[in-house]
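# Analysis of the macromolecular model
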Amino acid sequence: MVLTMADSRTVNGWVASIVGDDLPYVDTNHSFLQQTVRRPSQDVHHGRNTHHQVTSLPNFEGKYDPDSYIDWEIEVEEIFGSRDFSEHKKINDVTKSFFGFASVWWRNYCRENIYSRPTTWKALKLVMRNRFVPSYHASDLLRKLQRLTQGIDTVEEYYDNLCTALFRCGLEECEEEFLNRFWRGLNHDIKDIIMHEELYSVDHLFRLACKAEQKIRGRVYTT
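In this report, the structure presented in the accompanying data block is examined. Only a predicted model underlies this, so the values are computations on that prediction, with no experimental measurement involved. Note that residues are indexed from 1 along each chain, following the sequence as it is written. In keeping with the predicted nature of the model, local features appear solely for residues at pLDDT of at least 70, side-chain atom pairs appear and are counted solely at 80 or more, and the whole-chain, interface and lining totals rest on all residues. Note that the side-chain values use all heavy atoms of the structure and ignore hydrogens as well as water.

## A word on the overall build of the protein chain
Helix numbers and strand numbers start at the N terminus; a helix is a DSSP run of H or I with at least 4 residues, a strand a run of E with at least 2. Helices and strands together make up the secondary structure of the protein chain, namely 10 helices and four strands. Overall, the protein chain shows an N-to-C arrangement of helices and strands of β-α-β-β-α-α-α-α-α-α-α-α-β-α. Taken across its 223 residues, the protein chain has 45% of its residues classed as buried. Every residue pair with non-hydrogen atoms within 4.5 Å of one another is taken to be in contact. Across the protein chain, the fraction of contacts at a sequence separation of at least 24, relative to all contacts at a separation of at least 6, is 68%. Using a 1.4 Å probe, accessible areas were evaluated by the Shrake-Rupley method; residue-level cover was limited to the displayed protein chains. Surface exposure of the protein chain reaches about 12600 Å², of which carbon and sulfur atoms provide 50%. Classification of residues uses two cut-offs on accessible area relative to the type maximum, computed with a 1.4 Å probe and protein chains only: under 20% is buried, over 50% is exposed, and between them is partly exposed.

## As for the packing of aromatic side chains
Any pair of Phe, Tyr and Trp rings, taking the six-membered ring for Trp, is counted once the centres come within 6.5 Å. Such a pair is stacked with planes under 30 degrees apart, edge-to-face with planes over 60 apart, and tilted for the rest. Tallied over the entire structure, the rule returns 23 aromatic pairs. Arranged with centres 5.6 Å apart and planes meeting at 80°, the rings of Tyr-159 and Phe-182 form a pair that is edge-to-face. On the criterion of sequence distance, the pair formed by Tyr-159 in helix 7 (residues 155-169) and Phe-182 in helix 8 (residues 175-185) is long-range, its members being 23 residues apart. Residues Tyr-159 and Phe-182 agree in their burial class; the two are buried. What links up through ring pairs into an aromatic cluster is the set Phe-60, Tyr-69, Trp-72, Phe-80, Phe-85, Phe-98, Phe-101, Trp-105, Trp-106, Tyr-109, Trp-121 and Phe-132. Any Lys NZ or Arg CZ that is within 6 Å of a ring centre and within 35 degrees of that ring's normal is treated as a charge sitting over the ring. One cation-aromatic arrangement involves Arg-131 over Phe-132; the distance from NZ or CZ to the ring centre is 5.4 Å.

## Points about the environment of Gly-62
Within the secondary structure layout, Gly-62 lies in the loop between strand 3 (54-58) and helix 2 (66-81). Those residues within four positions of Gly-62 in sequence are excluded, and the remaining contacts are Phe-101, Ala-102 and Phe-132.

## A word on the pattern of salt bridges
Salt bridge criterion: a side-chain nitrogen from Lys or Arg within 4 Å of a carboxyl oxygen from Asp or Glu. Within this structure, the stated rule accounts for 12 salt bridges. Across the pair Asp-140 and Arg-143 runs a salt bridge, and its minimum N-O distance is 2.2 Å. Linking Asp-140 with Arg-143, this pair stays in helix 6 (residues 135-147), spanning three residues, or about one helical turn. Since its relative accessible area comes to 42%, Arg-143 is described here as partly exposed. What emerges from the salt-bridge pattern is a single network uniting Asp-67, Asp-71 and Arg-168.

## Describing helix 5 (residues 121-132)
For helix 5, built from 12 residues, the straight-helix expectation of 16 Å at 1.5 Å per residue is met to within 8% by its first-to-last C-alpha distance of 16 Å. Residues of helix 5 that are buried: Trp-121, Leu-124, Lys-125, Val-127, Met-128, Arg-129 and Phe-132. Looking at the buried side of helix 5, the elements it contacts are helix 2, helix 3 (87-96), helix 4 (101-112) and helix 7. For a helix, the expected span equals 1.5 Å multiplied by the number of residues minus one.

## Observations concerning the nonpolar core
We call a set of buried Ala, Val, Leu, Ile, Met, Phe, Trp, Tyr and Cys residues a nonpolar core when their side-chain atoms join them within 4.5 Å. Core analysis: the largest hydrophobic core is formed by 51 residues, its most contacted members being Trp-72, Val-94, Phe-98, Met-128 and Phe-182. The dominant element in this core, judged by the number of residues it contributes, is helix 7, at nine residues.

## Concerning the packing of helix 4 against helix 5
Contact geometry for helix 4 and helix 5: axes closest at 13 Å, N-to-C directions at 115°. Both helix 4 and helix 5 take part in a crossing whose hand is right-handed. Where helix 4 abuts helix 5, its residues Phe-101, Trp-105, Trp-106 and Tyr-109 lie against Leu-124, Val-127, Met-128, Arg-131 and Phe-132. Looking at the contact of helix 4 with helix 5 residue by residue, the class counts come to eight nonpolar, no polar and one charged. Axes here mean lines fitted to C-alpha atoms, for a helix over just the part in contact, with angles spanning 0 to 180 degrees between N-to-C directions. Crossings are assigned a handedness: left-handed for a near helix turned anticlockwise from the far helix by less than a right angle, right-handed for a clockwise turn. Each residue is assigned to one class: nonpolar for Ala, Val, Leu, Ile, Met, Phe, Trp, Tyr, Cys and Pro, charged for Asp, Glu, Lys and Arg, and polar for all the others, Gly among them.

## Section: the environment of Tyr-200
The topology assignment puts Tyr-200 in the loop between strand 4 (198-199) and helix 10 (202-222). Its relative accessible area of 24% is what places Tyr-200 among the partly exposed residues. As for Tyr-200 and Leu-179, which are separated by 21 residues in sequence, their C-alpha atoms are 9.5 Å apart.

What follows is the structure, encoded as structure tokens:
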């Protein structure tokens, strides 16, 4: 198989013409990892963006619970990814969502870091990860990611699990890196069918893998 990233902007309609329109859709042209993580809202903070639209962010209390922090970060990331917010507004809305210990921590952090406060959501996430996700927990998440394979899951379930694991690790991969990671964890029977295909994008690989999965299921049903 040739892993070629000749055009990461492959038109989805062209891909669909190859493998059919009945497969799950994955948009890899804009934040393809964010398309898979959906979590129900918890308590929300209400504010308004620069266009006077309501912004709802989940409250963050700052309890000593790494998984709760990561779940909160993912939900906020999803909200920000769905709209066009300035970095100033992101910082403002996020810090207004703090309460309890998180609010106390943020006040102390700003007091101790007057000239080095984060000015972007990405920088704030890094500061918060360092505070609310212990290094041992981050290492455990990374080990789980490295061991993650498709196994008994469907291709779609494996893709979702992989995206979620990347988010939980706080990793950002380019499309080629993610394509290779996705390929490595696919089941061998699926890889055997598509190993000679030239892959143009994650979306392309995803759809070919789903089509191969359907072909394998067809063999099982007819035996």
